[in-house]
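Chain by chain, the residues:
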Amino acid sequence: MVAYGAEQRGRVPVLRASWLTQTFVHWAFSPDDIQALLPEELVVDEYEGAAWVGLTPFVMADVRPPGVPAAVPGVPTFAETNLRTYVRHRDRRDALWFLSIEVACPLMLAARAVGAPYNPGTLSISTSGDTVSYAGRRWAGGPSYRVVVRPGNPIEPSERDVWLTSRWRAYTRRLGMLWETPVEHEPWPLVDASVEVLEETLTTAAGLPTPFGEPLVHYSEGVRHVRLGASRPCAVRGRTRRADRS
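Note that the structure is predicted; figures quoted are calculated from it, not measured. Position labels on residues start from 1 in each chain and follow its written sequence. Per-residue local features of the predicted model are confined to residues with pLDDT of at least 70, and side-chain atom pairs are confined, for both listing and counting, to 80 or more; whole-chain, interface and lining totals are unaffected and use all residues. By convention in this description, side-chain values take in all heavy atoms of the structure and omit both hydrogens and water.

A. Structural view of the pairing of strand β7 (residues 131-138). Two elements, strand β6 (residues 118-128) and β7, share eight bridges in a ladder whose sense is antiparallel. For glycine 121, the partnering residue across the bridge sits in β7 and is arginine 138. Where β6 folds back onto β7 in an antiparallel hairpin, the turn is made up of two residues, including glycine 129, whose phi is positive at roughly 65°. What makes two strands pair is DSSP finding at least two bridges between them. A run of H or I in DSSP counts as a helix once it spans at least four residues, and a run of E counts as a strand once it spans at least two, with each numbered from the N terminus. Two elements, β7 and strand β8 (residues 144-154), share six bridges in a ladder whose sense is antiparallel. For alanine 135, the partnering residue across the bridge sits in β8 and is arginine 146. Between β7 and β8, which pair antiparallel and follow one another directly, the connecting turn spans five residues, one of which, alanine 140, has a positive phi of 65°.

B. A look at the packing of aromatic side chains. Between rings of Phe, Tyr and Trp, where Trp is taken as its six-membered ring, a pair exists when centres lie within 6.5 Å; planes separated by under 30 degrees are stacked, by over 60 edge-to-face, and by other angles tilted. Per the stated rule, a full pass over the model turns up five aromatic pairs. Measuring from centroid to centroid gives 5.2 Å for phenylalanine 24 and tryptophan 188, while their planes differ by 85°, and the two rings are edge-to-face. Residue phenylalanine 24 is located in strand β1 (residues 15-29), and its partner tryptophan 188 is located in the loop between β10 (177-184) and β11 (190-200); the two are separated by 164 residues in the primary sequence. The two residues phenylalanine 24 and tryptophan 188 agree in class, both being buried. Judged by centre distance (5.6 Å) and plane angle (50°), the rings of tyrosine 47 and tryptophan 163 are tilted. Placement of the pair is tyrosine 47 in the loop between β2 (42-44) and β3 (51-64) and tryptophan 163 in helix α2 (residues 159-165), with a sequence separation of 116 residues. With respect to burial, tyrosine 47 and tryptophan 163 carry one shared label: buried. A connected cluster of aromatic rings, assembled from ring pairs, spans Trp19, Phe24, Phe58 and Trp188. Lysine and arginine charges are scored as sitting over a ring when NZ or CZ, respectively, is within 6 Å of the ring centre and within 35 degrees of the ring normal. When the ring centre of tryptophan 163 is taken as origin, the NZ or CZ atom of arginine 167, which lies over that ring, is 4.5 Å away. The cut-offs for exposure are 20% and 50% of the maximum accessible area for each residue type, with area from a 1.4 Å probe on protein chains only; residues under the lower value are buried, those over the upper are exposed, and the others partly exposed.

C. Structural view of unusual backbone geometry. We note that threonine 21 has phi near 50°; this positive angle belongs to a residue other than glycine. Its place among the elements puts threonine 21 in strand β1. A relative accessible area of 18% means that threonine 21 is categorised as buried. Phi at glutamate 48 takes a positive value of approximately 50°, unusual for a residue other than glycine. The residue glutamate 48 is located in the loop between β2 and β3 in this model.

D. Inspection of the environment of arginine 174 at higher detail. Inspection of the secondary structure puts arginine 174 in strand β9 (residues 169-174). A residue is classified by how much of its surface remains accessible, and arginine 174, at 40% relative accessible area, is partly exposed. Each C-alpha atom of the pair arginine 174 and arginine 112 lies 8.3 Å from the other, and the pair is 62 residues apart in sequence. Whether two residues are in contact is decided by their heavy atoms, any of which lying within 4.5 Å being enough. Aside from chain neighbours lying at most four places away, what touches arginine 174 is Arg112, Ala113, Val114, Gly115 and Trp179.

E. Quick peek at the side chain of histidine 218. For histidine 218, the location among the structural elements is in strand β12 (residues 212-228). Judged by relative accessible area, histidine 218 falls into the buried class, the value being 3%. Sequence-distant contacts of histidine 218, defined by excluding residues within four places in its chain, comprise Gln22, Thr23, Phe24, Ile155, Asp161, Leu164, Leu190, Val191 and Ala193.

F. Local environment of the pairing of β12. As paired strands, β1 and β12 are joined by eleven bridges and run antiparallel to one another. By the bridge assignment for β12, leucine 15 is matched with leucine 228. Sheet topology note: the β10/β12 ladder contains two bridges and is antiparallel. Paired with valine 183 across the bridge in β12 is leucine 228.

Note that every value here comes from positions in space, so none of it alone points to a role or purpose.
Shown next as structure tokens:
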């Protein structure tokens, strides 16, 4: 089972940040459709027989190297939106796999060096009354999205809620190698939420088919003690077979 809290403490993070005003919009898909989008080293993770893809817009705040206080002037804060799915490596460790990452800060494009699929764009996040609105479009007229959610009441996370939101590493692929990036932060404080507007072309651009049913939505005010570890290449192993899934 996926762990609710960070699995290990990173001794020397390379980046600190806060992830704020975050919405999780999740759709269920056929595992075979998601497996077709993964590198051979990874196998799609499933919950109750379905694969899941999450659209997660949020504010990336107080981004800084270790040792720099968040209050230092000039520390960047910007909008980011991830399209992600859930995978396991042959060592069975669960992780995120990003299908795309939209970002309003060109400095983050440096993470393309390890295969993180960052796309620069114009992104915005705003609140009006009791709704939160997210919008974005890649530069040069690429895929776009507009999401308006209405946060509800705090929830005690179910097993499925934890499975969808609590992941402590991400895999990327670059130069024929799989890279692992560890992350730690406090558990997500979740509330239920409803979607008022959901218009997006990110899933189609990523090669996804029509999902199963309506989306599952959560909202969080965020986590303020994010520590990202250094990306490191994974050991080279043989091809992961479809039968290895669990």
